[in-house]
Amino acid sequence: MKKGTRFLINRYLLIIVLAVVTSSCEKDEVVKSDISFQTFTDSRDGNVYKTIKIGNQIWMAENLKYLPTVSDPGIISAEMPTYYVYGYSGTSLAGAKGSFNYGAYGVLYNWAAAKVACPAGWHLPTNEEWIQLIDYLGGKVVSGTKLKETGIMHWQTTSPDVTNETGFTALPGGFRNFDGTFQSTGYRGYWWSATEGDDPYSAWYIHLSYNAGGLSMDSFNYVKFAGISVRCVKD
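Residues numbered from 1 in each chain as written. Predicted model: local features only at pLDDT ≥ 70, side-chain atom pairs only at ≥ 80, totals over all residues. Heavy atoms only, no water.

Caption draft 1: Molecular detail of a nonpolar patch on the surface. A cluster of nonpolar side chains, contributed by Phe178, Tyr201, Phe220 and Tyr222, occupies part of the molecular surface with about 350 Å² of accessible area. Tracing the backbone shows Phe220 in the loop between strand E11 (216-219) and strand E12 (233-234). A relative accessible area of 33% means that Phe220 is categorised as partly exposed. (Patch = residues over 30% accessible without salt bridge, like charges linked within 9 Å, V, L, I, M, F, W, Y side chains within 5 Å. Areas by Shrake-Rupley, 256 points an atom, 1.4 Å probe, with all protein chains shown as cover. Salt bridge = Lys/Arg side-chain N within 4 Å of Asp/Glu carboxyl O. Helix = DSSP H or I, 4+ residues; strand = E, 2+ residues; numbered from the N terminus. Buried < 20%, exposed > 50% of the residue type's maximum accessible area, 1.4 Å probe, protein only.)

Caption draft 2: The sheet that holds strand E9 (residues 188-196), seen in detail. Taken together, three strands build an open sheet; the order of strands is E9-E10-E11 and the sheet is antiparallel. Across the chains shown, the open sheet's two edge strands, defined by having one partner strand only, are E9 and E11. Strand-to-strand twist of the sheet, defined as the mean angle between neighbouring strand axes without regard to direction, takes the value 30°. Note that strand E10 (residues 203-209) and E11 share four bridges and pair antiparallel. (Pairing = 2+ DSSP bridges. Axes fitted to C-alpha atoms, helices over the stretch in contact; angles between N-to-C directions.)

Caption draft 3: Expanded view of the packing of aromatic side chains. Counted under the stated rule, the structure contains 14 aromatic pairs. For the ring pair Phe175 and Tyr190, a centre distance of 5.2 Å and an interplane angle of 75° mean the geometry is edge-to-face. Pair noted here: Phe175 is in strand E7 (residues 175-176) and Tyr190 is in strand E9, with a separation of 15 residues, a long-range link. On the basis of an interplanar angle of 70° and a centroid distance of 6.4 Å, the ring pair of Phe178 and Phe220 is categorised as edge-to-face. Of this pair, Phe178 sits in the loop between E7 and strand E8 (182-183) while Phe220 sits in the loop between E11 and E12, and the two are 42 residues apart along the sequence. The aromatic ring of Phe37 is capped on one face by Lys50, whose charged end is 4.9 Å from the ring centroid. (Phe/Tyr/Trp six-rings, centres within 6.5 Å; stacked < 30°, edge-to-face > 60°. Lys NZ or Arg CZ within 6 Å of the ring centre and 35° of its normal.)

Caption draft 4: Region of interest: the state of the cysteines. Throughout the structure, instances matching the rule amount to one disulfide. Paired through a disulfide, Cys118 and Cys232 show a sulfur-sulfur distance of 2.2 Å. In this structure, the disulfide formed by Cys118 and Cys232 twists by about -95° around the S-S bond and is classed as left-handed. Taken together, the positions of Cys118 in the loop between helix H4 (111-117) and strand E6 (122-123) and Cys232 in the loop between E11 and E12 put the pair 114 residues apart, joining distant regions of the chain. Given a relative accessible area of 0%, Cys232 falls into the buried group. (Disulfide = S-S within 2.5 Å.)

Caption draft 5: Representation of the nonpolar core. Leu64, Leu67, Tyr109, Trp192, Ile228, Val230 and Cys232 are the most contacted members of the largest nonpolar core, which has 30 residues in total. At the level of secondary structure, the elements contributing two or more residues to this core comprise H4, E9 and E10. Sort the elements by how many residues they give to this core and H4 lands first, with four residues. Excluding anything up to four places from it in sequence, Cys232 contacts Ile58, Trp59, Met60, Leu64, Cys118, Pro119, Trp122 and His123. (Core = buried A, V, L, I, M, F, W, Y, C linked by side-chain atoms within 4.5 Å. Contact = heavy atoms within 4.5 Å.)

Caption draft 6: Structural context of helix H6 (residues 140-147). Looking at H6, one finds that the buried residues are Ser143, Gly144, Thr145 and Leu147. Looking at the packing, one finds that the buried side of H6 touches helix H5 (127-136) and E10.

Caption draft 7: Highlighting the environment of Ala78. Tracing the chain through its elements places Ala78 in the loop between strand E3 (57-60) and strand E4 (83-84). When its relative accessible area of 9% is taken as the criterion, Ala78 is described as buried. In sequence terms Ala78 and Ala113 are 35 residues apart; their C-alpha atoms lie 9.2 Å from each other. With sequence-adjacent residues up to four places away left out, Ala78 is seen in contact with Ala112, Tyr201, Lys224 and Phe225.

Structure follows, in structure tokens:
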């Protein structure tokens, strides 16, 4: 092959590669520009939350941090509202709010607290509202990748499938177990539904895992005693 011909072919291939890369970058920029956050200030404590419109719903893009009191991790109840901060074993509001996990993951609520935790104009989403979000994103199998925060700042691992293209920024805040222990931060995130289950003290919740791209919905006996994260949806 002549040198001139080889140069022209290489130049042509280079142009194709640059075109593909440019197209890919433009696509990424379009996805990012579609995320338009607003903000909401909770008048009860001054916390400011990012909010995002997904389909026809407006969601808080952060876990709720409303913390009127701190419950001792050894206290469990299904009827009395209880409030926990992951890894914090004291009862000082200042101490709890000053912890890293409060700033990163917000508050863990039992179901009784979760039902009344959202500020005026917002509410704890029902199963129907969670399902509306999931269906809009293409179903349970793929919706998790569109909701999770990208990178490994909070999640232990990630994958190229995780895009957070919704801006929901789901975090692995873990949960408070019935025995007072805290588990799974960095690995799993759980969020309450306002819908009760059929079993004793059961309610539904949403679950995302570090090693799965899907989203699951579940309910089991006595889960109302557990401490789980809250995302509020606008009325």
